[in-house]
Structures are given as structure tokens and as C-alpha cells.
Amino acid sequence: MNSFSQVATARTISGPDTPSVGAQEPAGHPDGVRATARIRAAYNGRVTTLPQLHSDGPFHLRRLRTAGSAAKVGIIGAMSAPLGGDRLTLDITAEDRAELEVTTAAATLALRGPTTSAATYDVRLTVGEHASLRWLPQPLISATGSNLHQTYTVELAATARLTLREEQLLGRAGEEPGHLVSRILVHRAGRPLLDQQTAYGAPEPGWDGPAVLNGHRAVGQLLIVAPRLDHRQDPILLGEGTKDGCAVLAPLAGGPALLATAIAPTTSTLRKLLDEAYAHALAR
């Protein structure tokens, strides 16, 4: 386990973007979209406000209602993306003491597009002191012929809290997946907490074999970082076995964090496993 569905409307070219920290920026394609959407959440002493909500390219950002003092943002797909050659970035910051949740309205569908060159989808998350950020998107679907490199670059203050859920479906019904490379790079208080990369689909060797996915097509991770997790915990196995999927919830050596990694035959089963892992983490 180590190794949007949206309707196309119009595609426009926006200004250039910068590569993710620690990632090499591919050459791109003249027909590809370059877009950077930004969210900034700040605490005003009573509630969390959104002083910056900048939509761009396929990312239409919408403020959602909440019952408490936290802020919530939904991302709606304004065009079909990511396609081959696209350079897409989401830059999300929760400043000191802010509480922010970000989700997507639908699944993200990676398609081939006008070129076979890789699309890049960078998600940059910054969380300040005593702040909380919950990144809970719908699944990413890797359609046949697609080529996507997705990177999470996360910077956490020492007292920051983070919940990051990543779900991937390898191919739609009856089709082989595209090529999907995903990296999660997390620093806490300036020190590395997690640096993990997974790669699925051709030409990756053995990605579907018994040592990796064992025939499953849904894979996901749940990363929970919180100061209250700063005590010794043992890994636990969730799920009945390989037929219906399974998950492992384990502590990270570099800080107060738990990482659940799950594989399953369907996205619904995958979500159940990750929800179970989240419940166990809360209980701890």
C-alpha cells in the first residue's frame, strides 16, 4: 500500500504559476491551462473570516454556511480539468487561530486532453499557530489515457491541526486507469513529518500486484495531525481482509500524527474504511 466530474465549458489561459516546493515543474503544453486559486482564512477574535477567496481557471470558490465559528469553502469545477498539459494550483492558508474546512462539489476527473504530457495539480496548505484546516475533497478519478502528477505541500506550525483526506479511483467502470503519481510532503514546525509518494498505472511496475493494490481500484489516505496525539500509539488493522479492502492506522515518528492508508474495491468501501480510521483516531 506504499508504493471534477464536470461538464466541459470553456478553457482559458491564465498567468504563469510557480512549481511546488520540492517538485520539478514539467515543460507544459501551449494548450494547457495555467491557474492558481487562493483561499486565506483569518481569525478576527470571534469567528473565522475569508479575506481572500480568489477563483481561477477550473476552480470556482464558494463560501458555504456553517453553524459555528469556523469557515467552510466549496470548490466547484468551472471546466473539465485536469487535462494533459494543465498546470493547476490551489493555495490555501489558515492563519493563526483560524478554523477552515475545504471540500469539492464533485469528483475530480483526470483526462488525457490535447496532449499526452503530464498535468500537474498542486495543493499547498499552510496552517498557523492554534489553527485548524480540514481538506476533505471528493475522490480523484484517473481515467484511461490520463497522466497526472499531484502534489500536496503542507506547512504546519507547531500547534496547528490538520485533517487531510485523499481518495483515488483508478479508472472508471470497465476501463484501465491512467498514469497517476501523488506525493504528500508535510513539514511541522520547520521539520519533515511525512514525505510519501505513490504511483499507479502503466508504466509503473507491479502497481496492481499482490504487494501493492492486489487488484483493488480504490486507494486513499487520511492524515491527522494534532498536538493531543503526542503520545505512544500502536498501529491497528481495520477491515476484514483483502476481498473487501483493508486499512492500517499508524503513528508517524516525526510528530503527533496518525496516518491511515486504505485500499478497497470501490470508493464507497474506501470511504467507510477511512471514516472508521477517523473514528479510531478521535477515540485516541
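Residues numbered from 1 in each chain as written. Predicted model: local features only at pLDDT ≥ 70, side-chain atom pairs only at ≥ 80, totals over all residues. Heavy atoms only, no water.

Engineer: Would you mind going over the pairing of strand β18 (residues 257-264) with me for this structure?
Structural biologist: Regular strands have side chains that alternate between both faces of the sheet. Of all the eight residues making up β18, eight are buried; the element is thus mostly covered by neighbouring parts of the structure. In this sheet, β18 lies alongside strand β15 (residues 218-225) in antiparallel orientation, the contact comprising eight bridges. The residue of β18 that forms the bridge with Val225 is Ala257. As paired strands, strand β17 (residues 246-251) and β18 are joined by six bridges and run antiparallel to one another. Of the residues in β18, the one forming a bridge with Ala250 is Leu259. Here β17 folds back onto β18 in antiparallel fashion, the turn holding five residues. (Buried < 20%, exposed > 50% of the residue type's maximum accessible area, 1.4 Å probe, protein only. Helix = DSSP H or I, 4+ residues; strand = E, 2+ residues; numbered from the N terminus. Pairing = 2+ DSSP bridges.)

Engineer: Sorry if this is basic, but what is going on with unusual backbone geometry here?
Structural biologist: Excluding glycine, residues mostly carry a negative phi; peptide bonds, for their part, are mostly trans. Here the amide bond leading from Ala81 into Pro82 is cis, since omega sits at 5 degrees, within 30 degrees of zero. Relative to the helices and strands, Pro82 is located in the loop between β4 (71-77) and β5 (87-94). Here the bond from Ala202 into Pro203 is cis, since omega is 15 degrees, no more than 30 degrees from zero. By the element assignment, Pro203 lies in the loop between β14 (191-200) and β15. In this model, Arg97 sits at a positive phi of 70 degrees, which is unusual for a non-glycine residue. Locating Arg97 in the fold gives a position in the loop between β5 and β6 (99-104). A positive phi angle, close to 55 degrees, is found at Ala189, a residue other than glycine.

Engineer: Whenever I open this one, the pattern of salt bridges confuses me. Can you help?
Structural biologist: Once their charged atoms are close, side chains differing in charge can pair, the charge on each being opposite to the other. Applying the stated criterion across every chain yields a total of nine salt bridges. Here Arg271 ties to Glu167 by a salt bridge, and the two come within 2.6 Å at their closest N and O atoms. You can see Arg271 sitting in helix α1 (residues 267-283) and its partner Glu167 sitting in strand β12 (residues 161-170), a full 104 residues away along the chain. Residue class for Arg271 comes out partly exposed when judged on its relative accessible area of 22%. Across the salt bridge formed by Arg217 and Glu176, the nearest N and O atoms sit 3.9 Å from each other. One end of the pair, Arg217, is in the loop between β14 and β15; the other, Glu176, is in the loop between β12 and β13 (179-188), with 41 residues separating them in the sequence. For Glu176, a relative accessible area of 49% corresponds to the partly exposed category. Connected through salt bridges with shared partners, the residues Lys72, Glu101 and Arg134 form a single ionic network. (Salt bridge = Lys/Arg side-chain N within 4 Å of Asp/Glu carboxyl O.)

Engineer: Can you help me understand the sheet that holds β13 in this one?
Structural biologist: Pairing in this open sheet of seven strands is mixed, and the strands run β2-β1-β5-β8-β11-β13-β14 from one edge to the other. Looking along the sheet, the strands with just one partner apiece sit at the ends: β2 (48-54) and β14. Each neighbouring strand pair of the sheet contributes to a mean axis angle of 10 degrees, computed without reference to strand direction. Two strands pair when backbone bridges link them, and β13 and β14 are joined in this way by nine bridges, in the antiparallel orientation. When the bridges of β14 are listed, Arg183 appears paired with Gln197. (Axes fitted to C-alpha atoms, helices over the stretch in contact; angles between N-to-C directions.)

Engineer: I would appreciate a short explanation of the pairing of strand β9 (residues 132-136) in the present structure.
Structural biologist: Most of β9 is tucked away, with four of its five residues classed as buried. Bridge count between β6 and β9: five bridges; the pairing is parallel. The partner of Thr103 across the bridge, within β9, is Leu136. For β9 and β12, the ladder comprises four bridges, and the chain directions are parallel. Paired with Trp135 across the strands is Leu164, a residue of β12.

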